[in-house]
Amino acid sequence: MTHEHGAPEPSHAPGTIAVTAGRPARVQGGPVNPPVVLSSTYVSRGVPGDELLYARNGTETWEPFEAALATLEGGRHGLVLASGMAAMAAAIGDLAPGAVVVVPRHAYQVTLGFLDDRARRHGVEVRRVDVADTEATVAALDGADLLVAESPTNPMLEVADLRAVLTAARERGVRSIVDNTFATPLGQRPLALGADVVVHSVTKYLAGHSDVVLGAVVTDDDAIAAEIRAYRTMHGAIAGPMEVFLALRGLRTLHLRVERAATNAAELARRLTAHPAVAEVRHPSLPTDPGHERAAAQMTHFGAVLGLRPHGGPDAADAVVAAVRLWVPATSLGGVESTLERRRRFATESATVPEDLLRLSVGVEDVEDLWADLERALAGRTAHA
Ligand SMILES: *Cc1c(COP(=O)(O)O)cnc(C)c1O
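The shown structure was predicted, so the numbers you read here are calculated from the model rather than taken from an experiment.

## Some remarks on the domain arrangement of the chain
- The domain architecture assigned to the chain consists of domain 1 (14-251) and domain 2 (254-378).
- For domain 1 versus domain 2, the distance between C-alpha centres works out to 26 Å.
- Counting each side, the surface lost to burial between domain 1 and domain 2 is near 3,000 Å², with a carbon and sulfur contribution of 56%.
- Of all residues in domain 1, the largest losses of buried area upon contact with domain 2 belong to Gln 109, Leu 157 and Tyr 205, amounting jointly to 24% of the total for that side.
- Linking domain 1 to domain 2 there are zero salt bridges.
- Where domain 1 packs against domain 2, one counts 20 residue pairs in polar contact (both at pLDDT 80 or more).
- Counting only elements with at least two residues in the side of domain 1 that touches domain 2, the list comes to helix H1 (14-20), helix H4 (109-122), helix H6 (162-171) and helix H8 (241-251).

What follows is the structure, given as structure tokens:
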């Protein structure tokens, strides 16, 4: 096989692949970036099976991003969809009445809401598990049809033994989906650990600049890829070309952003642990964190989301959010800017998430500025220490 100049090579590191994947073939005078094509339809070549036919089925603007993400995740098929939830809905597909789904009790709340809706309206059985408890998770997989896993979980940052859980699912014929939004393919590659499908909210780290809503699915399984492709075409939750352009542009710096954000997060977690106004810090980088050893074994970074419980309850947590100046009080995560929010302000957040838990999405600013702002916001909240 001849190798195309500039294309990703198997020996290349993920950061190099993020830069090189999905480029047009190198030709003199040609562009280094794939063109953004704004066209809903394509001139027919009159050949049945014409790949580019109509832009709901597939476009040349999707393909480079899909190829780049698939290469990073180590799967052969990447499919971009209109949002992370469109990707999750397509990956879950049409569950038959009575189907059994296993899901972490702490997971992205709209994923949980989606499954609860299926339970109410279509008689699907949803088994919520503590995904860090491997024995309980494996037990729940008996007689199940689908596992929808997250690790680290949102917002509690529990770490699952992915290889054990995914292997157990495979042995039982249970299809598995891993939402890899928090870790990114640079942090862990669930397909290599035994997952059938990886789902991303591209909105977060992959696009990385809080300026686009987008989702994607990656799989190595031809039949599953065909199923999801057909679902996307029929349900029509497709991506716009400008969104995919922004996502590919973001992907080029994924390694730089994630490295910096994860380093910032670990440093802030370490400092927060010693702060008198802080009751608890959750971040897998902390040697005392229950997920630390597992994360160290299965991930290449500890992620940039951390959990923080200040002394003084939910009011104190709200006061911290109100007092920050550099940090942005906002939902979502994975942007270059640091954001924070109290998760239980949402009535739909799981009741087992502490009322006073702040979820911090650490960005790529200077860590000293982030620390100074947080420290100032926490000042005066030491009363209950
Ligand atoms: C944001 C998010 C989603 C949903 O993605 P959207 O792009 O908002 O639809 C799914 N899973 C996780 C872990 C998320 O953080």
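Now that the structure is up, let's keep going.
## A look at the environment of Thr 59
- Tracing the chain through its elements places Thr 59 in the loop between H1 and helix H2 (62-73).
- Here Thr 59 falls in the buried class, since its relative accessible area comes to 8%.
- When the C-alpha positions of Thr 59 and Ala 239 are compared, they lie 9.8 Å apart, and in sequence the two are 180 residues distant.
- Setting aside anything within four residues of it in sequence, one finds Thr 59 in contact with Tyr 42 and Leu 52.

## Describing the environment of Thr 339
- Relative to the elements of secondary structure, Thr 339 occurs in strand E11 (residues 339-342).
- Thr 339 sits in the buried class, given a relative accessible area of 6%.
- Between the alpha carbons of Thr 339 and Trp 327 there is a distance of 5.3 Å; along the sequence they are 12 residues apart.
- Within polar-contact distance, the side chain of Thr 339 engages the backbone oxygen of Ser 332 at 3.5 Å.

## Overview of the nonpolar core
- Phe 65, Leu 147, Leu 272 and Trp 327 are the most contacted members of the largest nonpolar core, which has 79 residues in total.
- Counting the residues that make up this core, at least three belong to each of domain 1 (14-251) and domain 2 (254-378).
- In this structure, Leu 272 is in contact with Val 278, Val 281, Leu 306, Leu 308, Trp 371, Leu 374 and Leu 378, ignoring residues within four places of it in sequence.

What counts, and where the lines are drawn
Residues numbered from 1 in each chain as written. Predicted model: local features only at pLDDT ≥ 70, side-chain atom pairs only at ≥ 80, totals over all residues. Heavy atoms only, no water. Domains from an automatic or database assignment. Buried area = accessible area lost by both parts, 1.4 Å probe. Salt bridge = Lys/Arg side-chain N within 4 Å of Asp/Glu carboxyl O. Polar contact = N/O pair within 3.5 Å; in protein donor to acceptor, adjacent residues only side chain to side chain. Helix = DSSP H or I, 4+ residues; strand = E, 2+ residues; numbered from the N terminus. Buried < 20%, exposed > 50% of the residue type's maximum accessible area, 1.4 Å probe, protein only. Contact = heavy atoms within 4.5 Å. Core = buried A, V, L, I, M, F, W, Y, C linked by side-chain atoms within 4.5 Å.

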